[in-house]
Amino acid sequence: MPAPAAGGPEATAVVDGGASARARAAEAYKVGDYAAAVEGYGEALREASGVQDRTKALANRAQCRIKLHQYAEGREDAAAARALQPDNPKAWFRLGVCEAQLGRLHEAEAALGEASALRPIDSAVAEALADVRARQAEASGLFSWTDVYNRYLVNESKPLRSPDGVAAARSDDTTVLYPLGAEPFVGPVRIGLVEGRGRGLFATENVRAGQLLMCAQAVATGENDKLPDTIAKAMARRPDLKHCVLNLSRGTPDSEVSLPMEELIQLAAPRRLSDEGEEMGAEESDAQEIAALAKEVETILFFNQFGLPRVNVNAAPIEVANDPGRSGLWILPAFMNHSCLPNVQLLIVWDCLFLRAGRDIPAGGELFDCYLESLQPLQRRRESLLSYGIRPCLCERCVLEDAVMDPEEVASVIEEATKASSNPMAEAADKAEGAEAAAERADAVVALALEKALQEDRLSSKVALPLPKAPLKAQRMAMIREGFEKPTDAAEQESFERQEALHRILLGGLANVLRGHAMSLRGLNRYVDQFQAWGRVANVLLEVIPGSELEAIVHLEALSAQLLATHLDYRIAARAAMRDCLLKHHQAYGGGIEAFRVINTQTFAANVLDGAAQMWPELVKEFGLPADGYDATALCARPRPVAAAELRAEGQQPRPKGGFVELLKRRTQAMCETGQDAAHAGNSSAAADTPAEGSQSSAATVASTTNIGAARGTAGAAVRERGEAPRPSSAVSIASTELGRAASDCGAAPALDTASVEVGYQEAAEDVASFEVLPLSERDASVTVVVRLPGLAFSAEASLEISEREVRIRPVRPSGPSELASLHCGCSACEIV
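Just so we're clear, the structure is a prediction, and the values are computed from it rather than from any experiment.

Peer 1: Is there a simple way to explain the overall build of the chain in this structure?
Peer 2: What the chain contains, in helices and strands, is 26 helices and 22 strands. A buried classification covers 51% of the 833 residues belonging to the chain.

Here it is, written out as structure tokens:
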């Protein structure tokens, strides 16, 4: 994507042999000294006598301030330029850039819309407007998930939008490893107080499983040992950020009593908070203050930081683990309290944390995250939670496990599984057999312990979870679970379902034993056993961490095993597994079938992915799944070929543009029959430079839309430039030209009779160029263009040849001063020469 203003301020001609203030400012801009350029354009503004000069000085100073990230000041300059000259597209464009950088998306869209109306074929304006609309979609909870997950899976540092681009909220992203550039979003969430737990997050409306609750940006991400200093330096520059970070929990009741005064969207985008001290710079701040802040931040990070993921994209399916050496701080998500049965799941992509509901949550229900590795037995979880000041955890899972399971027996099962997997002398088949024995024992231990606890009625007074009215024997449960028997009536069915849910929750502490068994079957060609093993793990995760990325990956493993077992029969044999996999994948990642394709390109064959795409609309209709994303390409609308849109005054005719392509366009459109398709073309950017100072005559740059009815054949799609960019000398060049489809079936093939047009730049009467099209035969595929430039005693001639795939300009006089190019369409069959 182009920079906020593609190109810099215009340059002016040399005045009386001395450089004007505006010329000096333009030179400073050219060498990157934007502060000096701001001063120069300020001087030029004070010396300006006319409206046009004042407008140019203001618009150019706005561009310099954009480069300096002084968006508020740039906004004032651009707004003043717009007020002086309402039909100046650069003023509107740079105003829109500043509004977008300041997060004022509605105002940015309005300003860029005006710029688009004035320059309807300007690609830079069109891209900026599309980017602002994309940010508006993201601010409402709709994201381009294909773009997000392409960055999640690929080790590259290219954000969704450049930190220096028109859509980035701020440019100070040095505190994060990689800024994703996504717009923050806060859904139906509020912060409240709850007795015994302090502050927490609550749903403000009924939330369905899989619904996106927020997209929060990090204060900072990085290596664990460097993170406190990074955050402390940012806090020293930004008082509001400092207040927000110091208000986070420190594991004590006293630190949980006050609610933040900031709006939730500010807490979700902390790097946008005020930076009153940024001019001084953190390196010049008091070193002792930063050291003291860093020490305080260490304590805050211990209770609030989130580990970054480490994604293995070479695995199929992908493998995700916590990175022990890197982490980050997110303010709004840090207000969530802990539960070993969480109802939300988070996914971190670069500096953005996406939070989704893992279960259906009623209005007013609290959002719970799991602070630790959830697939651990009770004793290990309690030891980990002690460091957070939680002693003991009284969530429903911990209470159930404490009342039912024997810690020593659980430890014995884990030890057996560890021995089976770590024996270096055992063959893979022997390891699988040992892992299977450990998994069977884990299931039996849980089943018998639960049966005993229900018979002794140890749960009714302790556990708030639904209990079976008529508990079943462990053997009866196994027969119904494996499908050998069926419940006798509805009452037994209900008891089975409730007891099975308790069974799965208790197995959560031994889930890694079950996973070890499933993983041990890889490479043994025991696909049916592998499918059943992964299915058992999936059943446990459904109760313990539903909607998690791990649950989605386990379902991918199960689907892969069944597809291999059934020779990729996804239509019948693996249909149920495919449905479950798609639903769980969407619940964890969002994005529907598009995200499924991006994440699983290496996992499944193309025909399987196509089958999933055919099945997805049925699931959307069956379960009423709402759209949660937008199509990025749909927002990137191509420039509109509106001929008269440059003029605001009603009834005023547009001034003809220069260039032989424009001349051909006007002549052909006037003479061809209706029904031909309009073509699109990129125009020179609304922020592009006019020719540099000191040149005696301006470069005549042709950039337009062409519909050539007199040409034979059909022109290709995109035609791109070949050769160098326009030089600051008298030349004719072709830039960003795009030919639409010519109406080859049109009967009209008019002759291009002699005509000429004069073009002026910066309203300088002496800078004019004339173009003359010499007529040839009526259906000839080439014409001759004679270019006359000021200050030259001779003309440069060139022939224009049009074929189905290219436009080629050949010089008649090789020594002529024309910059000539060969233009090709963008199809794969052509190469840019």
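Peer 1: Please explain the packing of aromatic side chains as it appears in this structure.
Peer 2: In this description, an aromatic ring pair is defined by two values, namely the gap between the centres and the angle between the planes. Using the criterion set out here, one finds 14 aromatic pairs in the structure. Here a set of aromatic residues connected by ring pairs shows up, and it is made of Phe-143, Trp-145, Tyr-149, Tyr-152, Phe-354 and Tyr-589. Across from the ring centre of Trp-145, 4.9 Å away, lies the NZ or CZ of Arg-356, which sits over that ring.

Peer 1: What should I look at first to understand the environment of Leu-227 in this one?
Peer 2: With respect to the element layout, Leu-227 can be found in helix α9 (residues 227-237). The exposure class assigned to Leu-227 is buried, which follows from its relative accessible area of 1%. For the pair Leu-227 and Ala-294, spaced 67 residues apart in sequence, the C-alpha separation works out to 8.7 Å. Among residues more than four places away in sequence, those in contact with Leu-227 are Ala-220, Thr-221, Gly-222, Leu-301, Gln-305, Ser-327 and Gly-328.

Peer 1: How should I be thinking about the sheet that holds strand β4 (residues 212-217) in this particular structure?
Peer 2: Sheet strands pair via backbone hydrogen bonds, and the direction of the pair is either parallel or antiparallel. Ordered by their spatial adjacency, 4 strands build an open sheet running β1-β4-β10-β9, and the pairing between neighbours is antiparallel. Pairing within the sheet leaves two strands with one partner each, and these edge strands are β1 (185-186) and β9 (344-349). Where β4 meets strand β10 (residues 352-357), 5 bridges bridge the pair, whose relative direction is antiparallel. Across the sheet, Leu-212 pairs through a bridge with Arg-356, a residue of β10.

Peer 1: I keep staring at the nonpolar core and nothing clicks. Help me out?
Peer 2: The nonpolar side chains of a soluble globular protein tend to be buried, and buried together. Core analysis: the biggest nonpolar cluster contains 48 residues, and Leu-201, Ile-231, Ile-331 and Leu-367 have the highest contact counts within it. Apart from the residues within four sequence positions on either side, Ile-231 is in contact with Val-219, Ala-220, Val-245, Val-297, Leu-301 and Leu-329.

Peer 1: What is the right way to look at the sheet that holds strand β5 (residues 220-223) in this model?
Peer 2: Strand order in the open sheet formed by 3 strands is β5-β7-β6, with antiparallel pairing between adjacent strands. Only two strands of the sheet have a single neighbouring strand rather than two, namely β5 and β6 (306-312). When strand polarity is set aside, the average angle formed by the axes of neighbouring strands in this sheet is 55°. Bridge analysis of β6 against strand β7 (residues 319-329) gives 6 bridges, and the strand direction is antiparallel. Considered in β7, the bridge of Pro-309 is made with Asn-322.

Peer 1: What's the story with the packing of helix α21 (residues 549-565) against helix α22 (residues 575-589) in this structure? I'm lost.
Peer 2: Helix packing geometry: the angle between the two helix axes and the distance between the axes. The geometry of α21 relative to α22 is characterised by a closest axis approach of 8 Å and an angle of 160° between their N-to-C directions. On the basis of the axis angle, α21 is roughly antiparallel to α22. Considering the relative orientation of α21 and α22, their crossing is left-handed. Seen from α21, the contacting residues are Glu-549, Glu-551, Ala-552, Ile-553, His-555, Leu-556, Leu-559 and Gln-562; seen from α22, they are Ala-577, Met-578, Asp-580, Cys-581, Lys-584, His-585, Ala-588 and Tyr-589. Here the contact of α21 with α22 is composed, by residue class, of 9 nonpolar, 3 polar and 4 charged.

Peer 1: Is there a simple way to explain the pairing of strand β3 (residues 198-203) in this structure?
Peer 2: Burial analysis of β3 places 6 of its 6 residues in the buried class, which makes it a mostly covered element. Pairing analysis gives 6 bridges linking strand β2 (residues 189-194) to β3, with the strands arranged antiparallel. Along β3, the bridge assignment pairs Val-189 with Ala-203. Between the antiparallel neighbours β2 and β3 lie 3 residues, among them Gly-196 with a positive phi of about 85°.

Thresholds, definitions, all that
- Residues numbered from 1 in each chain as written.
- Predicted model: local features only at pLDDT ≥ 70, side-chain atom pairs only at ≥ 80, totals over all residues.
- Heavy atoms only, no water.
- Helix = DSSP H or I, 4+ residues; strand = E, 2+ residues; numbered from the N terminus.
- Buried < 20%, exposed > 50% of the residue type's maximum accessible area, 1.4 Å probe, protein only.
- Phe/Tyr/Trp six-rings, centres within 6.5 Å; stacked < 30°, edge-to-face > 60°.
- Lys NZ or Arg CZ within 6 Å of the ring centre and 35° of its normal.
- Contact = heavy atoms within 4.5 Å.
- Pairing = 2+ DSSP bridges.
- Core = buried A, V, L, I, M, F, W, Y, C linked by side-chain atoms within 4.5 Å.
- Axes fitted to C-alpha atoms, helices over the stretch in contact; angles between N-to-C directions.
- Parallel < 35°, antiparallel > 145°, perpendicular 65-115°, else oblique.
- Left-handed = near helix turned anticlockwise from the far one by under 90°.
- Nonpolar A, V, L, I, M, F, W, Y, C, P; charged D, E, K, R; others polar.

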